[in-house]
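One-letter residues, chain by chain:
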Amino acid sequence: MVNKTNILPAFKPALGFTLLYLGLVVLIPLSTLLFKTLAPDSLLTWQGYINIISNERVQAAFKVSFLAALLAAAIALVLGFVIAWTLVRYTIPAKRFFDAIIDLPFALPTAVAGIVLASIYAPNGLLGKPLTELGFKVAFTPAGIVIALIFIGLPFVVRTIEPVLQELDTSMEEAASSMGASRWQIFQRIIFPNVFPAALTGFAMAFARGVGEYGSVIFIAGNMPYISEIVPLLIITKLEQYDYAGATALALTMLLVSFALLLTINVVQMLLRRRTSETLAPIVAVTP
Amino acid sequence: MSIILNNISKKFGNFSALNNINLEIPEGELVALLGPSGCGKTTLLRIIAGLERPDSGQVLLKGEDKTHKDIRERGIGFVFQHYALFRHMTVFENIAFGLRVKPRKQRPNETEIKKKVHALLELVQLDWLHDRYPDQLSGGQRQRIALARALAVEPEVLLLDEPFGALDASVRKDLRQWLRHLHENLNVTSIFVTHDQEEAMEVASRVVVFNHGNLEQQGSPSEIYDNPVNEFVSRFIGDTNVITLEKHHTDWLQLSGLVIVPEAANSVHIRPHDLEITKSSSDSAATATLKDWQHLGALIRIELAKQGANGSPETLYAEMPNEQFKRLQLSKGDKVALRIRHAHWFDAA
C-alpha cells in the first residue's frame, strides 16, 4: 500500500491529514457516544438499555423514523431519476434555473422548510385544503413526515444520478434499438443497470439524511406519540427531562442501525462493481 | 436488400446538412459514403438507419417506403464509431442482446442463443473472449464484437459509421481487408461512412462522394479516380497538381504535349503519375527544375519547380517507379523536360 515509488506526490501528508480530520470530525464524537455508554461508571446498564429500547413508545418511534426514511428515499429515488433524466436529456426552457433550485433544500435551514411545508399542507393550507377535501390528511400525520423527508432527500438523488446520466453514451441506446429492443427493454437492460450503482448511492444518502432529520420534520409531523413521533425528537425530549441515559441509549441504537444499513448498501455496490468490468482477469490485447 | 433514397434533405437550424440527395444502392453492394468532415455523410447514414428523420424525401428499403418507420422496424444493423458496446455486459451477452429482446414467440431458446453467439464469435475470430467485458478488449476487438452484435439479428442492411475511425493505423489496415472478406462471405448490403479516401477506395465496391451536403459523384473506385466529374472530387480523391490557366501557362502546357480543348475550363488537374519526366534535350520542351525527391517505397515522389505566371516559382509533383528514376540518373538542380500524359479540365468558378 505505502509505495515508496508512488508517482503521486505527498502521499504521507495527505494520508495523515485525512486520518486526522476523519478522527477529529467523525470518529471521536461518534466513538465518545459508544464509550460513554459502555464505560463502567455509565448511567446505562445492559438491563436499563433493554428496558428503554423495549418501551412501546420508543419502538413506535423507531418504526416511524426508519420506515418514513426508507419510503421517502424510495420515492425521492424515482422522482430524482425523472428529474435528472429531464435535466440531462432534454432541452427545456430555464434549465439552469431549475438546475439551481434543486440544491435549495441543501441550503435552506431545515426548520424553515418544515414550517413552510407544515403551513402548506395544514388542513387550511394551499395544498392541504384540497387534499383534505379529497380525504387525505397530510400534515400532522406520518405522511407529512414522508413529504418533508422527500423534500430533504431529493437533491441527493438528483445530484448523484445526474453525472452518470450525462456520461452515459446515448449510442448504446441507439444500438439497442437498432437490434429491436423496445423503449422499456432499453430502460430495463441498458439504462437501469448503468445508473443503478449511482442511484443506490443517492438512495443511501437520502435515507441516511432522512433518518437523522429533525428540523423539517417536527413542524409537519404533529409529533403524536405512537403515530408520528420520530426518534430524534424522543432524544431531545429525554434530554430536556435530564434523562441522559435514555437519550444515549436511543442515540446508540440509531447509530448502529444506520451504520448496518449503510454498510449493507455499500456491500451491494461493491458486489455490483465487481460483477461489471473490473474483474481481475488480465487484459490481453492482441492485434485483431 | 436494395436501398433507394429520393430527394433527401435535412437541415440543422440554419445549417443545411443534406441537399436533395438521390441515391440507389443495389442489393449486395459494399458502398462507401466518402467526404470531408461535416459533409453530411454520417447524417445520411443515420437517416437510412432511422436514427434521424429527413426534413423531406423518402427512404425506400426493398421498395418499401420506410421514411417514417422506427429503427426497430427497418431490419438494419448499425455499427458505431466508438463501438457502443454495452459496458455492463460480457461479450457473450452483448452479442446475445438482439436475440434476447425479441418478442417471446420469436425468441430462440437458450441453447439456440448459445449456438448462434458462438458461431458469430467464431466468424469474428474472437470466441476466446466471450466472457470478457468490453473494457478489457482492444479497439480492434471491440469493433469486431460490435459487428458480430449487429449481425446477430440477421439484418438485411449493415450500416457502419466510421468503423475504423478510432483505431491505430496498422489495426485499421487489417480490419479493412477483413471487412471486405466478410462482406464477400455474407453478401449483405453494407454501407460505411469514412473520410479516408484510401479506405473507401480499398474496401468499397462503390464510392459515393459528398461535399457540403451535396452528392458530388458516385461510381466504382476506378471510375471516380479516373474520371472525376468536378474539381472537388479530383482534389479529394488521390493527389493532383492543380494549375490555374493563364496565358503564360497555356504555352507551357502546349509545349508539354497537352492539347488545350475546353473553352470554359480555367484549371487543369494532373495526377503525379501522369507527369512524365525525361532529361531535357532541347529548349523547345516544357521544362522544370528538379528540386528534391522522396522515397515512397516502390514509388519516388519528385518535387519540381517551374516558372510561374509572374516569374515566381511553382511546385509540381510527379511520381514514377523507383527503378525508372534510378535509370534517369538525375541530381538536384537538373533541368528536366516534362510531358503530360493525361489531365482533367475543370471550370473552377
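What counts, and at which threshold
- Residues numbered from 1 in each chain as written.
- Chains lettered and ligands numbered in written order.
- Predicted model: local features only at pLDDT ≥ 70, side-chain atom pairs only at ≥ 80, totals over all residues.
- Heavy atoms only, no water.
- Helix = DSSP H or I, 4+ residues; strand = E, 2+ residues; numbered from the N terminus.
- Buried < 20%, exposed > 50% of the residue type's maximum accessible area, 1.4 Å probe, protein only.
- Contact = heavy atoms within 4.5 Å.
- Axes fitted to C-alpha atoms, helices over the stretch in contact; angles between N-to-C directions.
- Parallel < 35°, antiparallel > 145°, perpendicular 65-115°, else oblique.
- Left-handed = near helix turned anticlockwise from the far one by under 90°.
- Nonpolar A, V, L, I, M, F, W, Y, C, P; charged D, E, K, R; others polar.
- Pairing = 2+ DSSP bridges.
- pLDDT = per-residue confidence, 0-100.

(A) Just the overall build of chain A, in detail. Helix and strand counts for chain A come out as 13 helices and zero strands. Reading chain A from its N end, one meets helices and strands in the order α-α-α-α-α-α-α-α-α-α-α-α-α. Referenced to the eigenvectors of the C-alpha coordinate spread, the extents of chain A come out at roughly 75 × 60 × 30 Å. Burial analysis of chain A (288 residues in total) assigns 40% to the buried set. Intrachain contacts of chain A at a sequence separation of at least 6 include 73% that bridge at least 24 residues.

(B) Seen up close, the packing of helix 8 (residues 142–167) of chain A against helix 10 (residues 183–212) of chain A. All names here are of chain A. As a packed pair, helix 8 and helix 10 sit with axes 8 Å apart at the nearest point and diverge in direction by 150°. Classified by the angle between their axes, helix 8 and helix 10 sit roughly antiparallel to one another. As helix 8 runs across helix 10, the sense of the crossing is right-handed. Packed against helix 8, whose contacting residues are Leu149, Ile152, Gly153, Phe156, Val157, Thr160, Ile161, Val164 and Leu165, the element helix 10 presents Ile191, Asn194, Val195, Ala198, Ala199, Thr201, Gly202, Phe203, Met205, Ala206, Arg209 and Gly210 at the interface. By residue class, the composition of the contact of helix 8 with helix 10 is 14 nonpolar, six polar and one charged.

(C) Summary view of the sheet that holds strand 4 (residues 56–61) of chain B. Residues and elements named next belong to chain B. Strands sit in the order 2-1-4-5 across an open sheet of four strands; the sheet is antiparallel. Whereas interior strands pair on both sides, the edge strands pair on one side only; in this sheet they are strand 2 (15–25) and strand 5 (64–65). In this structure, strand 1 (residues 3–12) lies alongside strand 2, joined through seven bridges in antiparallel fashion. Within the sheet, the bridge partner assigned to Ile8 lies in strand 2 and is Ile21. Running over the sheet, helix 1 (residues 41–49) touches strand 1, strand 2 and strand 4 and is turned about 120° from strand 1.

(D) Structural context of the confidence of the model for chain B. For chain B, per-residue confidence averages 87 on the pLDDT scale, and residues scoring 70 or more make up 93% of the total. Two summary scores accompany this predicted model of the complex, namely pTM at 0.80 and ipTM at 0.83.

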